[in-house]
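Here is what each chain is made of, one letter per residue.
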Amino acid sequence: VQLQASGGGLVQAGGSLRLACAASGTFASINSWGWYRQVPKMPRELVAIITGTDTNYADSVKARFTVSRDDDKHTMYLQMDSLKPEDTAVYYCYADVQLGRWDKYDFWGRGTQVTVSS
(Lines give C-alpha, C1' and ligand atoms only; values in the text may rest on other atoms or scores of the structure.)
Protein backbone atom coordinates (compact mmCIF):
# COMPACT_ATOMS: atom_id res chain seq x y z
CA VAL A 1 0.00 0.00 0.00
CA GLN A 2 1.30 3.44 -0.90
CA LEU A 3 -0.01 6.87 0.01
CA GLN A 4 0.67 9.73 -2.35
CA ALA A 5 0.10 13.24 -1.06
CA SER A 6 -0.29 16.16 -3.43
CA GLY A 7 -1.53 19.73 -3.60
CA GLY A 8 1.04 21.57 -1.55
CA GLY A 9 2.60 24.80 -2.69
CA LEU A 10 3.17 28.47 -1.97
CA VAL A 11 0.21 30.69 -1.13
CA GLN A 12 -0.29 34.11 0.40
CA ALA A 13 -1.83 34.51 3.82
CA GLY A 14 -5.60 34.34 3.60
CA GLY A 15 -5.46 32.04 0.60
CA SER A 16 -6.53 28.44 0.15
CA LEU A 17 -5.02 25.12 -0.82
CA ARG A 18 -6.50 21.68 -1.20
CA LEU A 19 -4.36 18.68 -0.36
CA ALA A 20 -5.14 15.17 -1.55
CA CYS A 21 -3.85 11.81 -0.39
CA ALA A 22 -4.47 8.83 -2.63
CA ALA A 23 -4.01 5.23 -1.53
CA SER A 24 -2.94 2.57 -3.99
CA GLY A 25 -2.25 -1.13 -3.70
CA THR A 26 -4.15 -4.10 -2.38
CA PHE A 27 -6.25 -3.69 0.73
CA ALA A 28 -9.75 -4.29 2.02
CA SER A 29 -10.62 -0.83 3.27
CA ILE A 30 -9.31 2.23 5.06
CA ASN A 31 -10.51 2.60 8.62
CA SER A 32 -9.31 6.12 9.27
CA TRP A 33 -7.25 8.81 7.60
CA GLY A 34 -5.30 11.66 9.07
CA TRP A 35 -3.27 14.71 8.20
CA TYR A 36 -0.24 15.65 10.26
CA ARG A 37 2.25 18.43 9.81
CA GLN A 38 5.79 19.07 10.90
CA VAL A 39 8.15 22.01 10.99
CA PRO A 40 11.91 21.62 11.48
CA LYS A 41 13.02 20.66 14.97
CA MET A 42 9.44 20.19 16.14
CA PRO A 43 7.44 17.01 16.63
CA ARG A 44 4.86 16.02 14.08
CA GLU A 45 1.43 17.30 15.09
CA LEU A 46 -2.04 16.10 14.25
CA VAL A 47 -4.02 18.43 12.01
CA ALA A 48 -7.17 16.47 11.24
CA ILE A 49 -8.47 12.94 11.33
CA ILE A 50 -11.48 11.31 9.74
CA THR A 51 -12.94 7.96 10.77
CA GLY A 52 -15.99 7.07 8.74
CA THR A 53 -17.77 10.40 8.71
CA ASP A 54 -16.49 11.54 12.11
CA THR A 55 -13.88 14.26 12.03
CA ASN A 56 -11.59 15.86 14.56
CA TYR A 57 -9.32 18.86 14.19
CA ALA A 58 -6.49 20.53 16.00
CA ASP A 59 -7.73 23.67 17.72
CA SER A 60 -5.40 25.76 15.58
CA VAL A 61 -7.17 24.79 12.35
CA LYS A 62 -10.80 24.44 13.44
CA ALA A 63 -13.21 26.42 11.25
CA ARG A 64 -10.48 26.91 8.63
CA PHE A 65 -9.63 23.38 7.49
CA THR A 66 -12.01 20.65 6.33
CA VAL A 67 -11.06 17.00 5.98
CA SER A 68 -13.05 14.67 3.75
CA ARG A 69 -12.73 11.29 2.11
CA ASP A 70 -13.88 9.61 -1.08
CA ASP A 71 -13.87 5.88 -0.45
CA ASP A 72 -14.60 5.07 -4.09
CA LYS A 73 -11.39 6.84 -5.08
CA HIS A 74 -9.45 5.75 -1.96
CA THR A 75 -8.58 9.39 -1.45
CA MET A 76 -8.64 11.85 1.42
CA TYR A 77 -8.69 15.61 1.07
CA LEU A 78 -7.81 18.57 3.23
CA GLN A 79 -9.36 21.87 2.22
CA MET A 80 -7.34 24.61 3.85
CA ASP A 81 -8.84 28.10 3.88
CA SER A 82 -7.79 31.35 5.52
CA LEU A 83 -4.23 30.11 5.61
CA LYS A 84 -1.78 31.71 8.01
CA PRO A 85 2.02 31.83 7.96
CA GLU A 86 2.04 29.52 10.98
CA ASP A 87 0.40 26.83 8.83
CA THR A 88 3.68 26.54 6.94
CA ALA A 89 4.92 22.96 7.32
CA VAL A 90 5.37 19.66 5.58
CA TYR A 91 2.00 17.93 5.59
CA TYR A 92 1.88 14.15 5.86
CA CYS A 93 -1.06 11.88 5.31
CA TYR A 94 -1.68 8.77 7.31
CA ALA A 95 -4.05 5.84 6.86
CA ASP A 96 -5.10 3.01 9.12
CA VAL A 97 -5.55 0.34 6.47
CA GLN A 98 -7.46 -2.90 6.82
CA LEU A 99 -5.34 -5.30 4.80
CA GLY A 100 -7.53 -8.31 5.31
CA ARG A 101 -10.05 -9.70 7.74
CA TRP A 102 -7.67 -9.67 10.70
CA ASP A 103 -4.72 -7.57 9.63
CA LYS A 104 -4.42 -3.84 9.67
CA TYR A 105 -1.46 -1.53 9.41
CA ASP A 106 -0.60 2.15 9.53
CA PHE A 107 0.84 3.76 6.42
CA TRP A 108 2.34 7.22 5.86
CA GLY A 109 2.76 9.32 2.75
CA ARG A 110 5.99 11.18 2.00
CA GLY A 111 4.66 14.63 2.70
CA THR A 112 3.93 17.75 0.74
CA GLN A 113 5.28 21.20 1.52
CA VAL A 114 2.85 24.01 2.30
CA THR A 115 4.30 27.50 2.54
CA VAL A 116 2.18 30.50 3.49
CA SER A 117 3.74 33.89 2.93
CA SER A 118 2.78 36.93 4.97
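Above this note sits the structure.
The rules behind the values
Residues numbered from 1 in each chain as written. Predicted model: local features only at pLDDT ≥ 70, side-chain atom pairs only at ≥ 80, totals over all residues. Heavy atoms only, no water. Helix = DSSP H or I, 4+ residues; strand = E, 2+ residues; numbered from the N terminus. Rg over C-alpha atoms; globule rule 2.2 N^0.38 Å. Buried < 20%, exposed > 50% of the residue type's maximum accessible area, 1.4 Å probe, protein only. Contact = heavy atoms within 4.5 Å. Areas by Shrake-Rupley, 256 points an atom, 1.4 Å probe, with all protein chains shown as cover. Lys, Arg positive; Asp, Glu negative; His and termini not counted. Charge placed at Lys NZ, Arg CZ, Asp CG, Glu CD. Phe/Tyr/Trp six-rings, centres within 6.5 Å; stacked < 30°, edge-to-face > 60°. Lys NZ or Arg CZ within 6 Å of the ring centre and 35° of its normal. Salt bridge = Lys/Arg side-chain N within 4 Å of Asp/Glu carboxyl O. Pairing = 2+ DSSP bridges. Axes fitted to C-alpha atoms, helices over the stretch in contact; angles between N-to-C directions. Polar contact = N/O pair within 3.5 Å; in protein donor to acceptor, adjacent residues only side chain to side chain. 1 Å grid on protein atoms, 1.4 Å probe; cavity = no way out; pocket = protein on both sides within 12 Å on 5 of 7 lines; lining within 4 Å. Points joined across faces, edges and corners; volume = space filled by probe spheres on them. Nonpolar A, V, L, I, M, F, W, Y, C, P; charged D, E, K, R; others polar.

1. A look at the overall build of the chain
No. 1: Looking only at helices and strands, the chain features zero helices and eleven strands.
No. 2: Counting from the amino terminus, helix and strand elements in the chain follow one another as β-β-β-β-β-β-β-β-β-β-β.
No. 3: Relative to the 2.2 N^0.38 estimate, which gives 13 Å for 118 residues, the radius of gyration of the chain is 14 Å and therefore close to what a compact globule would have.
No. 4: In terms of overall dimensions, the chain has C-alpha extents of about 50 × 25 × 20 Å along its principal axes.
No. 5: Per-residue burial for the chain yields a buried fraction of 40% across its 118 residues.
No. 6: By sequence separation, contacts in the chain at least 24 residues apart represent 54% of the contacts at least 6 residues apart.
No. 7: Accessible surface, the chain as shown: approximately 6,700 Å² in total, 48% of it carbon and sulfur.
No. 8: Counting 12 positive and 12 negative side-chain charges, the chain places the centres of these two groups 4 Å from one another.

2. With respect to the packing of aromatic side chains
No. 1: Within the structure shown, the criterion is met by four aromatic pairs.
No. 2: Each residue in the set Tyr36, Tyr94 and Trp108 is aromatic and connected to the rest through ring pairs, giving one cluster.
No. 3: Positioned over the ring face of Tyr77 is Arg18, at 4.0 Å from the centre of the ring.

3. Looking at the pattern of salt bridges
No. 1: Enumeration according to the criterion identifies six salt bridges in this entry.
No. 2: Because the salt bridges share partners, they merge into one network encompassing Arg37, Glu45, Arg64 and Asp87.

4. Considerations on the sheet that holds strand 1 (residues 2-6)
No. 1: Overall, antiparallel pairing links the four strands, which are arranged 1-3-8-7 in an open sheet. Bordering the open sheet on either side are strand 1 and strand 7 (65-70), each of which pairs with just one other strand. Each adjacent strand pair in this sheet contributes to an overall mean axis angle of 15 degrees, direction not counted.
No. 2: Pairing between strand 1 and strand 3 (residues 17-24): five bridges, direction antiparallel. In the strand pairing of strand 3, Leu3 is matched with Ala23.

5. Observations regarding the side chain of Thr75
No. 1: By the element assignment, Thr75 lies in strand 8 (residues 75-80).
No. 2: Using a relative accessible area of 9% as the deciding quantity, one classes Thr75 as buried.
No. 3: Among the polar contacts made by the side chain of Thr75, one reaches the main-chain carbonyl oxygen of Lys73 at a distance of 2.8 Å.
No. 4: Dropping the residues within four chain positions of it, Thr75 is found in contact with Ala20, Cys21, Ala22, Trp33, Ser68, Arg69 and Asp70.

6. Side note on the layout of surface pockets
Where empty space is left becomes clear once a probe the size of a water molecule has been rolled over the atoms.
No. 1: Counted as a void, the largest pocket has a volume near 160 Å³.
No. 2: Taken together, Val1, Gln2, Leu3, Gln4, Ala5, Phe107, Trp108, Gly109, Arg110 and Gly111 make up the full set of residues lining the largest pocket.
No. 3: Ranked by residues supplied to the lining of the largest pocket, first place goes to strand 1 with four residues.
No. 4: Residue composition of the lining of the largest pocket, grouped by class: five nonpolar, four polar and one charged.

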